[in-house]
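Notes for the structure review
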Amino acid sequence: MKAVIIHATGDADVLRLEEVERPEPGEDEVLIRVQAAAVNPVDWKYRRGLVQRELPAVLGEDVSGAVAVSRADGFAPGMKVFGVTTSGGYAEYATASATAIAIKPETLSHEQAAALPVSGLTAWQALFDRGCLDLGQAVLVAGAAGGVGHLAVQFAKHAGARVIGTGSGRNREFVLGLGADEFIDYTHAEVADAASGVDLALDTVGGATTASLLPALREGGTLVTIAYPPEQPPHEHRLWIRPLIMRPSAEQLARISELVASGAVRVEIAHQLSLADVQRAHALSESGHARGKIVLTVRT
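The text that follows walks through the structure, step by step, so that each part is easy to find. (Residues numbered from 1 in each chain as written. Predicted model: local features only at pLDDT ≥ 70, side-chain atom pairs only at ≥ 80, totals over all residues. Heavy atoms only, no water.)

So, on to the overall build of the chain. When its secondary structure is counted, the chain shows nine helices and 16 strands. Over its C-alpha atoms the chain spans a radius of gyration of 19 Å, differing by no more than 12% from the 19 Å that the globule rule assigns to 300 residues. Oriented by its inertia axes, the alpha-carbon framework of the chain measures out at about 55 × 40 × 35 Å. With 300 residues in all, the chain has 52% of them scored as buried. Roughly 13100 Å² of accessible area belongs to the chain as shown, and the carbon and sulfur atoms make up 48% of that amount. Positive and negative side-chain charges in the chain, numbering 26 and 35 respectively, have mean positions lying 3 Å apart. (Helix = DSSP H or I, 4+ residues; strand = E, 2+ residues; numbered from the N terminus. Rg over C-alpha atoms; globule rule 2.2 N^0.38 Å. Buried < 20%, exposed > 50% of the residue type's maximum accessible area, 1.4 Å probe, protein only. Areas by Shrake-Rupley, 256 points an atom, 1.4 Å probe, with all protein chains shown as cover. Lys, Arg positive; Asp, Glu negative; His and termini not counted. Charge placed at Lys NZ, Arg CZ, Asp CG, Glu CD.)

Take a look at the structure:
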């Protein structure tokens, strides 16, 4: 099969489209004939060596396609599925655990479905599993136009929260159009000056952004970060900082896809490229300015 593989870490030119052996599914796994795969920031972090993994490796975690071989109950060849792969998604075939995939709704394209797993699960788990979001609470989403952020805004709004999104000015109408009640242009205002008394803040950006969100939280509020967390603040701040590492969940994937299929949530695809254009896809992701998701079409 064809797959994008890296033999060493480095710039985007280490991404090579090669012929490699097709992976074989293990017990309780399926082999997916991949139609589309998504690009996530963790992919280029692996490529650059910022996150360690064994090499050579096929990158990519999100896929959508059809079951080619099944060694798992409940899945048969030909079923259209999407989820998190165990063998790498930038490939014509990928393996996945039955606990990390769900049936793709017919109304979703493979590109839409491939855009959901990592970003959707991260947003969902940050808000509900780690953040314990409740009806009527105020949520601040930093990086509200990004892959995780734009889904988090919609999930929180659907759950009955008051949502404040941050981003650059060019994304104001986009974020408000997702359902956010307020928008803060971080290039013109400090978040702490524009928001206060927030119950839950979701940091999708990291770096200096993480600390800048703390003053906006109410006493006893929670900050969930998917980036590197800062040091725990002094006890008198009474804040909870909870880093999140996404875990695959077939049940949550099904719930998220139902929201998208019903029209309650939309997935924004900023760029749809071919597998051969993976180097450009990485450059776009690394820029940090992509609105929504970047998706690779593996088969047309």
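Next comes the rest of the account.
Across all of its chains, the model carries two aromatic pairs by this definition. With centroids separated by 5.3 Å and ring planes inclined at 75 degrees, the aromatic side chains of W124 and F155 adopt a geometry described as edge-to-face. Of this pair, W124 sits in helix α3 (residues 117–130) while F155 sits in helix α4 (residues 147–158), and the two are 31 residues apart along the sequence. There is no split in this pair, since W124 and F155 are both buried. The rings of W124, F128 and F155 are connected pair by pair, giving a single aromatic cluster. (Phe/Tyr/Trp six-rings, centres within 6.5 Å; stacked < 30°, edge-to-face > 60°.)

So, on to α4. The end-to-end C-alpha separation of α4 is 17 Å, in line with the 16 Å expected for twelve residues at 1.5 Å each. Among the twelve residues that make up α4, ten are buried, leaving the element largely enclosed by the rest of the structure. All of the buried residues along α4 are G147, V148, G149, H150, L151, A152, V153, Q154, F155 and A156. (Expected span 1.5 Å × (residues − 1).)

Between α3 and α4, whose axes approach to 8 Å, the crossing angle comes to 50 degrees. By the angle class used here, α3 and α4 are oblique. In terms of crossing hand, the pair formed by α3 and α4 is right-handed. Between α3 and α4, the contacting residues are S119, G120, T122, A123, W124, L127 and F128 on the first element and G147, V148, L151, A152, F155 and A156 on the second. Taken together, the residues of the contact of α3 with α4 sort by class into nine nonpolar, four polar and no charged. (Axes fitted to C-alpha atoms, helices over the stretch in contact; angles between N-to-C directions. Parallel < 35°, antiparallel > 145°, perpendicular 65-115°, else oblique. Left-handed = near helix turned anticlockwise from the far one by under 90°. Contact = heavy atoms within 4.5 Å. Nonpolar A, V, L, I, M, F, W, Y, C, P; charged D, E, K, R; others polar.)

We now examine the environment of H150. By the element assignment, H150 lies in helix α4. Spatially, the C-alpha atoms of H150 and G120 are 9.5 Å apart, while their sequence positions differ by 30 residues. Apart from residues lying up to four places away in sequence, H150 is in contact with A144, A145, F174, L178, R266, V267, E268, G292 and K293.

What follows concerns the pairing of strand β15 (residues 269–274). Where β15 and strand β16 (residues 293–297) come together, five bridges link them in parallel fashion. Paired with H271 across the two strands is I294, which belongs to β16. Running through helix α9 (residues 278–287), the crossover from β15 to the neighbouring parallel element β16 is right-handed. (Pairing = 2+ DSSP bridges. Right-handed = clockwise from strand over helix to strand, strands pointing away.)

Right, let's talk about unusual backbone geometry for a bit. Here the residue pair L55 and P56 is connected by a cis peptide bond, since its omega of 0 degrees sits within 30 degrees of zero. Looking at the element boundaries, P56 is found in the loop between α1 (41–48) and β4 (57–58). Unlike most non-glycine residues, D28 shows phi in positive territory, near 65 degrees. Mapped onto the elements, D28 comes out in the loop between β2 (16–19) and β3 (29–39). Overall, D28 belongs to the partly exposed group, its relative accessible area being 43%. At C132, a position not held by glycine, the phi torsion is positive, near 50 degrees. The partly exposed category is assigned to C132, whose relative accessible area is 48%.

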